[in-house]
Amino acid sequence: MSRRSSLFLVTVFFAAISQLSNAQARRMVLIDQDGSGPGGSNQMAMMVLLQSPQAEVLGITMVSGNAWEPEEVQHTLRMLELVHRPDVPVVPGAIFPLVRTEEESKVQQQLYGTFPWYGAWGDLAATTSRQSYHGPYVVPKLAEGEPALKPLAEDAAHFLVRQVHAHPHQVTIYAAGPLTNIALAITIDPHFAELTQGIVIMGGSLSPQTGDPEFANNPRHEFNFWFDPEAAHITLRAHWPRIDLTTVDISIKTGFTKEMLGEIARSPNPGAKYLAAYTGEFYYLWDELAAAAWLDPAIITKEEKLYVDVDLTRGPFYGDTLSWTSANKPQLDLQLVHVQTDLDLPRFNKLFVELMKGPPQPGSPVN
């Protein structure tokens with residue numbers, strides 16, 4: 001064998017070892033998201049994980065929340081095409097909450113007043129909603145183009161259970177929308193939660209220090225928990241190895257700026273091009289923070305360990321966040337939650353922008 005051949009084989013060997021090491025180092029995650037789009041916070045949050053070399057995204061399950069699930073599926077499929085990640089499966093999930101209904105919420109408006117944001121139920125918010133209302137099975141023409149990719153022919157809850165059983169104690173659930181799919185998975189398989197590495201949730205609100213009227217007047221109200229309170233209750237009561245909670249309180253310390261988008265837009269990579277074309281909403285980075293903090297726990301500089309649940313009483317506080325310390329919690333099977341309370345904002349912003357500017361991760365096509 002020639003010296004050149006020997007060097008070539010050595011190079012190939014070490015490259016293979018490097019690739020294997022990188023694959024082993026990647027942490028498995030299942031994304032459960034209300035993927036409204038195009039662009040915007042929900043899509044950017046998924047991209048935080050999709051663009052990270054640390055994360056192996058096993059799949060994305062969709063749930064109604066900020067928009068209806070059928071429309072979200074199409075936006076997410078198209079996003080995966082445009083950011084060159086068609087290898088990641090998208091799985092249809094819950095269209096409606098477990099118990100709460102749109103019609104019931106109209107009655108509650110008359111009794112208790114309105115909120116600024118109703119997500120898929122946009123007509124409830126009159127002129128305060130950021131999107132035009134349409135019914136659950138209507139999928140408007142997509143501004144970013146129609147996807148060629150198709151969703152899996154499986155439902156989200158069974159997909160979640162199947163993936164966790166295929167990789168026991170290795171998968172983290174990242175849940176950044178209403179928790180309907182997660183609750184259904186727990187109901188199907190009582191051991192689902194304990195077979196994961198834990199769950200990262202964006203949801204809940206305790207006492208946000210803000211003049212934002214959405215939260216200043218309703219400090220315990222947060223949309224993800226409110227939209228499906230029973231699902232949040234089931235999820236928070238399950239026996240996860242660990243629960244990390246990104247609440248409104250810490251989320252409002254973040255913000256997506258035109259300067260950040262401008263820096264991202266200068267990148268030639270497909271993810272950056274997608275955001276430059278379709279992201280124009282400058283608001284809190286709540287879902288993005290939950291994802292980034294899982295990738296880099298040092299972003300969170302302070303947390304509080306609390307027991308958290310949701311008010312299921314039918315009345316003005318239905319869906320509000322409940323919390324206790326170990327000293328005053330009720331004698332119930334409540335789970336300890338790591339509630340994030342402060343962050344290293346420059347560190348978070350830097351990681352977020354770098355990921356949005358970055359190239360597609362392995363598994364994506366060359367073109």
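What you see is a predicted model; the values in this text were computed from it and never measured.

Quick notes on the confidence of the model for the protein
Per-residue pLDDT for the protein averages 92, and the proportion of residues at 70 or more is 90%. Every residue in residues 4-23 is under pLDDT 50, and counting partners more than four places away or in other chains gives 2 contacts.

Concerning the side chain of E104
For E104, the position within the fold is in helix α4 (residues 102-112). For E104, the side chain forms a polar contact with the side chain of R314, separated by 2.2 Å. Discounting chain neighbours no more than four positions away, the residues touching E104 are V99, R314 and Y318.

What about the pattern of salt bridges?
Across all of its chains, the model carries 11 salt bridges by this definition. The closest approach of N and O atoms between R78 and E81, which form a salt bridge, is 2.8 Å. One end of the pair, R78, and the other, E81, are both in helix α3 (residues 69-82), 3 residues apart, so they sit about a helical turn from each other. Taking the relative accessible area as the measure of exposure, E81 reaches 18% and is therefore buried. For R242, the salt bridge identified is with D244, shortest N-O distance 2.8 Å. Residue R242 is classed as partly exposed on the basis of its relative accessible area, which comes to 35%. Salt bridges here are not isolated pairs; linked through shared partners, they connect R242, D244 and E303.

Regarding the sheet that holds strand β7 (residues 300-310)
The strand order across the open sheet formed by 9 strands is β3-β2-β1-β4-β5-β6-β9-β7-β8, and the pairing between neighbours is mixed. Each end of this open sheet is capped by a strand with a single partner; those strands are β3 (90-91) and β8 (321-324). Pairing of strand β2 (residues 55-62) with β3, which is carried by 2 bridges, proceeds in the parallel orientation. Within the sheet, the bridge partner assigned to T61 lies in β3 and is V91.

With respect to the pairing of strand β1 (residues 27-33)
Most of β1 sits out of view: 6 of its 7 residues are buried. Bridge analysis of β1 against β2 gives 7 bridges, and the strand direction is parallel. For M28, the partnering residue across the bridge sits in β2 and is E56. What joins β1 to β2 is helix α2 (residues 40-50), and the crossover it makes is right-handed.

Remarks on a nonpolar patch on the surface
Judged by side-chain polarity, L98, V99 and L184 come together as a nonpolar surface patch covering roughly 200 Å² of accessible area. Tracing the chain through its elements places L184 in helix α6 (residues 180-188).

Brief notes about the environment of W226
With respect to the helices, strands and loops of the structure, W226 is situated in helix α8 (residues 223-227). Residue W226 is classed as buried on the basis of its relative accessible area, which comes to 3%. Filtering out sequence-adjacent residues up to four positions away, W226 remains in contact with R100, S105, F115, Y118, W121, H221, Y318 and G319.

Digging into the packing of helix α13 (residues 286-295) against helix α14 (residues 345-357)
At a minimum axis distance of 10 Å, the contact between α13 and α14 shows a crossing angle of 95 degrees. With respect to α14, the axis of α13 lies roughly perpendicular. Residues E288, L289, A292 and L295 of α13 lie in contact with α14, whose contacting residues are F348, L351, F352 and L355. Classifying every residue of the contact of α13 with α14 by side-chain character gives 7 nonpolar, no polar and 1 charged.

Calculation criteria
- Residues numbered from 1 in each chain as written.
- Predicted model: local features only at pLDDT ≥ 70, side-chain atom pairs only at ≥ 80, totals over all residues.
- Heavy atoms only, no water.
- pLDDT = per-residue confidence, 0-100.
- Contact = heavy atoms within 4.5 Å.
- Helix = DSSP H or I, 4+ residues; strand = E, 2+ residues; numbered from the N terminus.
- Polar contact = N/O pair within 3.5 Å; in protein donor to acceptor, adjacent residues only side chain to side chain.
- Salt bridge = Lys/Arg side-chain N within 4 Å of Asp/Glu carboxyl O.
- Buried < 20%, exposed > 50% of the residue type's maximum accessible area, 1.4 Å probe, protein only.
- Pairing = 2+ DSSP bridges.
- Right-handed = clockwise from strand over helix to strand, strands pointing away.
- Patch = residues over 30% accessible without salt bridge, like charges linked within 9 Å, V, L, I, M, F, W, Y side chains within 5 Å.
- Areas by Shrake-Rupley, 256 points an atom, 1.4 Å probe, with all protein chains shown as cover.
- Axes fitted to C-alpha atoms, helices over the stretch in contact; angles between N-to-C directions.
- Parallel < 35°, antiparallel > 145°, perpendicular 65-115°, else oblique.
- Nonpolar A, V, L, I, M, F, W, Y, C, P; charged D, E, K, R; others polar.

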